[in-house]
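# Tertiary structure, described
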Amino acid sequence: MIQRKHRNIILTILVTYTSLIIFFMFFGFGRSTIDGRQEYIFNLIPTGIPLQLPYFGLPQETFNFTLWLFDFGNFAAFIPFGIFIPLFFRYNFIQFIVLFCSSIFILETLQTLTFLGSFDINDVIVNTLGATVGFFAYKIGIRSNNILKKIVITGVTTVILSIGVLVVADVFNPSPSVIALHKLTESQSNLVEDNNFSSFEVADENINPKLNVYSSKGENFNQYTYQLEGKYTQLSGFVGIPDDINDYQGSVVISVDGKERMNQSYSKDIPPSPPGYFTIGLENANELKITFNDSNILLWDVTLLEF
């Protein structure tokens, strides 16, 4: 009876945690409003493991902590699956990894088909590494006969293995450079705010830009154009509309080589949403355009990833 009770608790935790992960994969970080595109995006060729040690103290342009935290979250968030799935189902590693990878492939595909994300094989690899760390931490911790020791050993092993993964990825991955977008020359000489930032609030969250701020500058139409020359692999940044704006409408569109990759739209009928974090793949892209249409939307801390 006690064993059954414990299994019910484990199952409840597993179902609840899985539901939270699915929610964030499909609706978190403003996904439902950020991706207005109508094309499927797949990245089926691994370009490296987007993990590294955190280099605190370096300039924002050299080490983007927000980007690092986002990538590390893709790893750490899946560690619990490596613990709770074998704890409940008693799977060996092969059974577990087949189930996990199959589930992730399905979820990544659904993200793409619903235009709430993209299929990225790099994400699949990082998610799987996290689950693998959890699995082996569980297998080491379960050897103890004391419940408290099992928990402590599993936790300590998880930390050690996670650090090991970050070290290996940091050593063997090509070292990327994070470059603030405004450092590139804008084709139309359209100036970007890159100093003396004023803080603002988005959905009651205080925002303090560190690198740059892109806006319509009060115009009905404003466009920024950059020549990338195929040098960059990813564009990332934040998007939102300040709380003190009365005219809560308009859109900002990001196009890569003439193809729309992000369309963030607002209207008076839609309540304010939290700041959104976006990433856009730029493999071999030559031209980037950011277009503001009758909008008070802001983009800030927009960066490029260069290998």
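Attention in this report is confined to the structure presented alongside it. (Residues numbered from 1 in each chain as written. Predicted model: local features only at pLDDT ≥ 70, side-chain atom pairs only at ≥ 80, totals over all residues. Heavy atoms only, no water.)

## Quick notes on the overall build of the protein
The condition that has to hold: Think of it this way: any DSSP run of H or I at least four residues long counts as a helix, any run of E at least two long counts as a strand, and we number them from the N terminus. Buried, partly exposed and exposed residues are distinguished by accessible area as a fraction of the type maximum, computed with a 1.4 Å probe on protein chains only: under 20%, between the cut-offs, and over 50%, respectively. Throughout, a contact is declared for two residues whenever any of their heavy atoms are within 4.5 Å.
Counting its secondary structure elements, the protein contains seven helices and 13 strands. Here the protein holds 307 residues, and the buried ones make up 44% of them. Restricting the contact set of the protein to residue pairs at least 6 apart, pairs at least 24 apart contribute 78%.

## Some points on the pattern of salt bridges
The cut-off we apply is this: What makes a salt bridge here is a side-chain nitrogen of Lys or Arg within 4 Å of a carboxyl oxygen of Asp or Glu, nothing more.
Inspection of the entire model under this criterion finds one salt bridge. The shortest N-O distance in the salt bridge between E229 and K231 comes to 3.4 Å.

## Concerning the sheet that holds strand β9 (residues 250-256)
Short version of the rule: Two strands pair if DSSP finds at least two bridges between them. Fitting a line to C-alpha atoms yields each axis, with helices limited to the stretch in contact; the angle taken between N-to-C directions then spans 0 to 180 degrees.
The sheet built from four strands is open, its strands ordered β7-β12-β9-β10 with antiparallel pairing. The outermost strands of the open sheet, each flanked by one partner alone, are β7 (221-227) and β10 (259-266). With strand direction ignored, the average angle separating the axes of adjacent strands in the sheet is 10°. Both β9 and strand β12 (residues 287-293) contribute to a ladder of six bridges, which runs antiparallel. When the bridges of β12 are listed, S251 appears paired with N293.

## Considerations on a nonpolar patch on the surface
Which entries qualify depends on this criterion: Like charges are joined within 9 Å and nonpolar side chains (Val, Leu, Ile, Met, Phe, Trp, Tyr) within 5 Å, but only among residues with over 30% relative accessible area and no salt bridge; these make up the patches. Method for areas: the Shrake-Rupley scheme with a 1.4 Å probe, in which residue coverage is limited to the protein chains shown.
On the surface, a nonpolar cluster with roughly 580 Å² of combined accessible area is contributed by V159, I163, V167, V168, V171 and F172. By relative accessible area, which is 35% here, V167 ends up partly exposed.

## Points about the pairing of strand β8 (residues 232-240)
Of all nine residues making up β8, seven are buried, and the element is well covered by its neighbours. Summarising the sheet, β8 and strand β13 (residues 298-306) pair through seven bridges and their orientation is antiparallel. Residue pairing in the sheet places Q234 in a bridge with L305 of β13.

## A look at unusual backbone geometry
In this structure, E229 takes a positive phi of about 55° despite not being glycine. Inspection of the secondary structure puts E229 in the loop between β7 and β8. The backbone of D294 sits at a positive phi, close to 45°, despite the residue not being glycine. You can see D294 is positioned in the loop between β12 and β13. Using a relative accessible area of 38% as the deciding quantity, one classes D294 as partly exposed.

## Remarks on a negative patch on the surface
What counts, and what does not: Counted charges follow a simple rule, with Lys and Arg positive, Asp and Glu negative, and His plus the chain ends left uncounted. In plain terms, the charge of a residue is placed at NZ if it is Lys, CZ if Arg, CG if Asp and CD if Glu.
Judged by side-chain charge, E201, D204, D243 and D244 come together as a negatively charged surface patch. Following the sequence through the fold, E201 ends up in strand β4 (residues 200-202). Classification of E201 by relative accessible area gives partly exposed; the value is 39%.

## Considerations on helix α6 (residues 121-141)
Heads up, the rule is: Multiply 1.5 Å by the residue count of a helix minus one, and that product is the helix's expected span. Residues adjacent in sequence count toward polar contacts only when both atoms are side-chain atoms; beyond that, a polar contact is any pair of N or O atoms within 3.5 Å, and within protein one must be able to donate a hydrogen and the other to accept it.
For α6, spanning 21 residues, the distance from its first C-alpha to its last is 30 Å, which sits close to the expected 30 Å at 1.5 Å a residue. Of all 21 residues making up α6, 15 are buried, and the element is well covered by its neighbours. Two or three places before N122, at the opening of α6, D120 has a side-chain oxygen 2.9 Å from that residue's backbone nitrogen.

## Topic: the side chain of T128
Topologically, T128 is positioned in helix α6. Here T128 falls in the buried class, since its relative accessible area comes to 14%. Contact partners of T128, with chain neighbours within four places excluded, come to I97, F100 and C101.

## Describing helix α7 (residues 147-172)
If you check α7, its first and last C-alpha atoms are 37 Å apart, about what 26 residues at 1.5 Å a residue would give, namely 38 Å. When α7 is considered as a whole, its buried residues turn out to be T154, T157, T158, S162, V165, L166, A169 and D170. Looking at the buried residues of α7, the elements they touch are α3 (65-76), α4 (79-89) and α6. You can read the cap of α7 off the contacts: a side-chain oxygen lies 2.9 Å from the backbone nitrogen of L148, and it is on N146.

## Quick notes on the packing of aromatic side chains
Our working rule: Here a Phe, Tyr or Trp ring, Trp counted by its six-membered ring, pairs with any other such ring whose centre lies within 6.5 Å, and the pair is stacked when the planes are under 30 degrees apart, edge-to-face when over 60, and tilted otherwise.
A complete count under the given rule lists 21 aromatic pairs for this structure. Relative to W300, the ring of F238 has its centre 6.1 Å away and its plane inclined at 15°; by these criteria the two rings are stacked. Of this pair, F238 sits in strand β8 while W300 sits in strand β13, and the two are 62 residues apart along the sequence. When sorted by exposure, F238 lands in the same class as W300, which is buried.

## Considerations on the nonpolar core
Condition: Buried residues of nine kinds, namely Ala, Val, Leu, Ile, Met, Phe, Trp, Tyr and Cys, make up a nonpolar core once their side-chain atoms join them within 4.5 Å.
Core analysis: the largest hydrophobic core is formed by 29 residues, its most contacted members being Y214, L235 and L299. Those elements that place two or more of their residues in this core are β7, β8, β9, β10, β11 (276-281), β12 and β13. Once residues lying within four places of it in the same chain are set aside, the contact partners of Y214 are L181, H182, V192, Y224, Y226, I290, F292, I297, L298, L299 and V302. Membership of the second largest hydrophobic core comes to 19 residues, among which are F96, I104, L107 and A131.

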